[in-house]
Amino acid sequence: MLTPSPCIGICRIDESSGLCVGCARTREEIATWRGASTTVLERIWAELPGRRAKLGVGLHRLGWTREDIRSFIAGTLQADGGTWVFGVYGAVAEFCVGRDEAVDLDLGATCIVAATPRGCIRLEISEQVRALALATAVNSTKTEVIVLAVPRARGGLPRHTSLTALGPDRDAIRVKDRDEQLYDFGLGIGATGFCIRTADPDLMRRLNDRIGQAWPDLLAGLGDRILQASPTRVTRSPVGRIEVFTEIPLPGGHSQVGPHTHFLPAHLALGRETPPGLELPKLLIPCAIFYPGPVVVPGIDETI
């Protein structure tokens, strides 16, 4: 299997060190990478952590093959194994497996699925998927998050800018859900989608009457009905999806620990794909973020 390149799309040489501030390689290493032997490439990869420390580089690509990524994902889908997050800043779904919670795992060669009574996740590992790491602070604790990304040039999901009916959710993880209707909120941010899925005839009728509405108008007119129905929330990305089955807390309530969603208009107004402090090169689409522990946002409750 080919040794991956550490390039993350930030290609600028630091003149004082002679190293690229994105990947920490020299000009010569960059120019000869494709033709270098495996031994040389492994030596360079081994030297990169020390070089990044000297440069003060935080975000970096991991030297993981597709099988390495698969093994890492499989190891996270267990009790207290950490939290996966799909979506954009202000509209996300989180998936984790609780302590003593039953989980049904399907560990395919390029597709991994985990299902619990409260939610499901599917992660598809194509040759385009890159694994990046960033040391950051979560809930005032220093940690390292893992980001799965794909080149933006390869494209993402269709970008909807208003409520869009996507029809029966044939990609639903559970077979029994594949006739339910999927609606994309049309956030118009990034290359992922925040959706709800329902078989409720009244809710479907109301949603269909509002096709083409921008999400603020949708929530103003139908937000209470959506809360009452508490449909499945689905976040989709170029590497898969998260589906959340838990009930949406009513105003003043709290999200339970485990799979849940956040829909936060004030955060969405910033138009960010990723949280502040987690900046990716524009050449990459952030598809999934893994946090080693629970992700707690103080003072924030689930809204959808």
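Look up a bit, the structure's there.
Residues numbered from 1 in each chain as written. Predicted model: local features only at pLDDT ≥ 70, side-chain atom pairs only at ≥ 80, totals over all residues. Heavy atoms only, no water.

Draft legend 1. Here's a closer look at the overall build of the protein chain. A count of helices and strands for the protein chain gives six helices and 17 strands. Taking 304 residues into account, the globule formula puts the C-alpha radius of gyration at 19 Å, and the protein chain, at 20 Å, falls close to it. C-alpha extents for the protein chain along the principal axes are approximately 65 × 35 × 35 Å. Looking at the 304 residues of the protein chain, the share that counts as buried comes to 50%. Accessible surface computed for the protein chain: about 14300 Å², of which carbon and sulfur atoms make up 52%. (Helix = DSSP H or I, 4+ residues; strand = E, 2+ residues; numbered from the N terminus. Rg over C-alpha atoms; globule rule 2.2 N^0.38 Å. Buried < 20%, exposed > 50% of the residue type's maximum accessible area, 1.4 Å probe, protein only. Areas by Shrake-Rupley, 256 points an atom, 1.4 Å probe, with all protein chains shown as cover.)

Draft legend 2. Up close: the nonpolar core. I73, W84, I121, L123 and L148 are the most contacted members of the largest nonpolar core, which totals 28 residues. For this core, the element with the most residues is strand 17 (residues 284-291), which contributes four residues. Core analysis: the next-biggest nonpolar cluster, separate from the first, contains 18 residues, L163, I189, F194 and I196 among them. (Core = buried A, V, L, I, M, F, W, Y, C linked by side-chain atoms within 4.5 Å.)

Draft legend 3. Inspection of the packing of aromatic side chains at higher detail. One pass over the full model with this rule turns up eight aromatic pairs. Relative to W84, the ring of F72 has its centre 6.3 Å away and its plane inclined at 75 degrees; by these criteria the two rings are edge-to-face. With a gap of twelve residues between them, F72 in helix 3 (residues 66-76) and W84 in strand 4 (residues 83-88) connect regions that are remote in the sequence. You can call F72 partly exposed: its relative accessible area is 22%. Summarising the aromatic geometry, the rings of W215 and F263 are spaced 5.3 Å apart at their centres and angled 85 degrees between planes, so their arrangement reads as edge-to-face. Here W215 is found in helix 5 (residues 215-229), whereas its partner F263 is found in strand 16 (residues 260-263), with 48 residues between them in sequence. The exposure classification of W215 matches that of F263, with both residues buried. The cationic tip of R25 hangs over the ring face of W33; the distance from NZ or CZ to the ring centre is 4.9 Å. One cation-aromatic arrangement involves R174 over F245; the distance from NZ or CZ to the ring centre is 3.8 Å. (Phe/Tyr/Trp six-rings, centres within 6.5 Å; stacked < 30°, edge-to-face > 60°. Lys NZ or Arg CZ within 6 Å of the ring centre and 35° of its normal.)

Draft legend 4. The arrangement of the side chain of R61 in detail. Inspection of the secondary structure puts R61 in strand 3 (residues 60-61). One buried charge, R61, has no salt-bridge partner; the nearest side chain with opposite charge is E127, at 7.9 Å. In contact with R61, not counting residues within four places along its chain, are P4, S5, P6, C7, I8, W45, R130, A131 and L132. (Lys, Arg positive; Asp, Glu negative; His and termini not counted. Salt bridge = Lys/Arg side-chain N within 4 Å of Asp/Glu carboxyl O. Contact = heavy atoms within 4.5 Å.)

Draft legend 5. Representation of helix 4 (residues 201-208) in the model. For helix 4, the set of buried residues is L203, M204 and L207. The buried side chains of helix 4 occupy one side of the element, clustering within an arc of 100 degrees when seen end-on. The inward-facing, buried residues of helix 4 abut strand 12 (181-184), strand 13 (193-198) and helix 5. With a side-chain oxygen lying 2.9 Å from the backbone nitrogen of D202, the N-terminal cap of helix 4 falls on D200. (Arc of directions from axis to C-beta. Polar contact = N/O pair within 3.5 Å; in protein donor to acceptor, adjacent residues only side chain to side chain.)

Draft legend 6. Here's a closer look at the packing of helix 4 against helix 5. Packing of helix 4 against helix 5 leaves a shortest axis separation of 11 Å and a crossing angle of 165 degrees. The angle between helix 4 and helix 5 places the two elements in the roughly antiparallel class. Handedness of the crossing formed by helix 4 with helix 5: left-handed. On helix 5, the residues touching D202, L203, R206 and L207 of helix 4 are L218, L222, R225, I226 and A229. Grouping the constituent residues of the contact of helix 4 with helix 5 by class yields six nonpolar, no polar and three charged. (Axes fitted to C-alpha atoms, helices over the stretch in contact; angles between N-to-C directions. Parallel < 35°, antiparallel > 145°, perpendicular 65-115°, else oblique. Left-handed = near helix turned anticlockwise from the far one by under 90°. Nonpolar A, V, L, I, M, F, W, Y, C, P; charged D, E, K, R; others polar.)

By themselves these figures say nothing about function.
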